[in-house]
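Here's the letter readout for the chains.
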Amino acid sequence: MPTRDQNPETADGPSPAPNESDGSLLARMAGGDLSAFEVFLDRYQGMVLSVADRMLSGCSGADDVAQEALLRLWRSAGSLTAGEFGLGPWLRRVVSNLCLDQLRAQGRLAVLDESVPEPVEAAQQLSGLEQVEARDRIEQALRALPDRQRVALTLFHYESLPMADIATRLGLSPVAVESLLSRARRSLKKDLEAEWRELLERTP
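Residues numbered from 1 in each chain as written. Predicted model: local features only at pLDDT ≥ 70, side-chain atom pairs only at ≥ 80, totals over all residues. Heavy atoms only, no water.

1. Quick word on helix 8 (residues 163–170)
Regarding helix 8, the residues found buried are Met163, Ile166, Ala167, Arg169 and Leu170. Seen end-on, helix 8 carries its buried residues on one side only, within an arc spanning 165°. Of the surrounding secondary structure, the elements contacted by the buried residues of helix 8 are helix 4 (88–105), helix 7 (147–158) and helix 9 (174–191). (Buried < 20%, exposed > 50% of the residue type's maximum accessible area, 1.4 Å probe, protein only. Helix = DSSP H or I, 4+ residues; strand = E, 2+ residues; numbered from the N terminus. Arc of directions from axis to C-beta. Contact = heavy atoms within 4.5 Å.)

2. Structural notes on the packing of aromatic side chains
Using the criterion set out here, one finds 2 aromatic pairs in the structure. Between the aromatic rings of Phe37 and Trp74, the centroid separation amounts to 5.4 Å while the plane-to-plane angle is 70°, which identifies the pairing as edge-to-face. With Phe37 in helix 2 (residues 34–55) and Trp74 in helix 3 (residues 61–76), this pair connects stretches of sequence that are 37 residues apart. One exposure class covers both Phe37 and Trp74, and it is buried. Between Phe40 and Tyr44 the ring centres are 5.8 Å apart and the planes differ by 20°, which places this aromatic pair in the stacked class. Separated by 4 residues within a single helix, Phe40 and Tyr44 lie in helix 2, roughly one turn from each other. (Phe/Tyr/Trp six-rings, centres within 6.5 Å; stacked < 30°, edge-to-face > 60°.)

3. Notes on the nonpolar core
Counting 57 residues, the largest nonpolar core has Leu73 and Leu170 as its most contacted members. With 11 residues, helix 2 is the single largest residue contributor to this core. Dropping the residues within four chain positions of it, Leu73 is found in contact with Leu26, Met29, Phe40, Leu80, Leu87, Trp90 and Leu91. (Core = buried A, V, L, I, M, F, W, Y, C linked by side-chain atoms within 4.5 Å.)

4. Quick word on the pattern of salt bridges
Where charged atoms from two side chains of opposite charge come close, those side chains can pair. Overall, the coordinates contain 9 salt bridges when judged by the stated rule. Its salt-bridge partner being Arg43, residue Asp22 comes within 2.5 Å of it at the nearest N-O pair. Of this pair, Asp22 sits in helix 1 (residues 22–30) while Arg43 sits in helix 2, and the two are 21 residues apart along the sequence. Between Arg150 and Asp147 there is a salt bridge, with its nearest N and O atoms 2.9 Å apart. Of this pair, Arg150 and Asp147 are both found in helix 7, 3 residues apart, which corresponds to roughly one turn of the helix. For the pair Arg150 and Asp147, one class covers both residues: buried. Counted as one network, the salt bridges with shared partners bring together Glu20, Arg28 and Asp33. (Salt bridge = Lys/Arg side-chain N within 4 Å of Asp/Glu carboxyl O.)

5. Some thoughts on unusual backbone geometry
Look at Ser160: it is not a glycine, yet its phi comes out positive at around 55°. Looking at where Ser160 falls in the secondary structure, it is placed in the loop between helix 7 and helix 8.

This is how it looks when you write it as structure tokens:
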């Protein structure tokens, strides 16, 4: 049996069913079953890469961060427990923390002034735009945002984290996070003016 500090390429085992639960797959992985890890890759690799790509604004480091998050899953399989929603929440937390570490190391998350924010909207604030088939434009507009605004909006909207959790992760006060969200929304509404107008026209 492989040890937990080995890469999954060195392990082997019987093939699990594609719809096998995360908890069952974890038990297989804890015993060194590579095929269980491959099922996890099929299940979560796209999500992990999407989070990393969005938070890092599409830079080349997103692939490395996603790979590291998945390798941490492999190495930690014996100590993890799959909750009600499987391993998705754990993986999202790991990859977002890795992205924050990388952004901090590059000096891209400096503390900002705590200006008075606008009222904060619900976490589904962009869902309407996504329904008008503007996903590519939204992604482009997100990548154009300053790093702090993009990260705050990603954690709030896409990861649905509470304001207090975002503030803790960014090392800011909730007031500062609200300010980041307000600035990000103003920028997105300006950059996506045509899409917002189409959304309004579709609304009964």
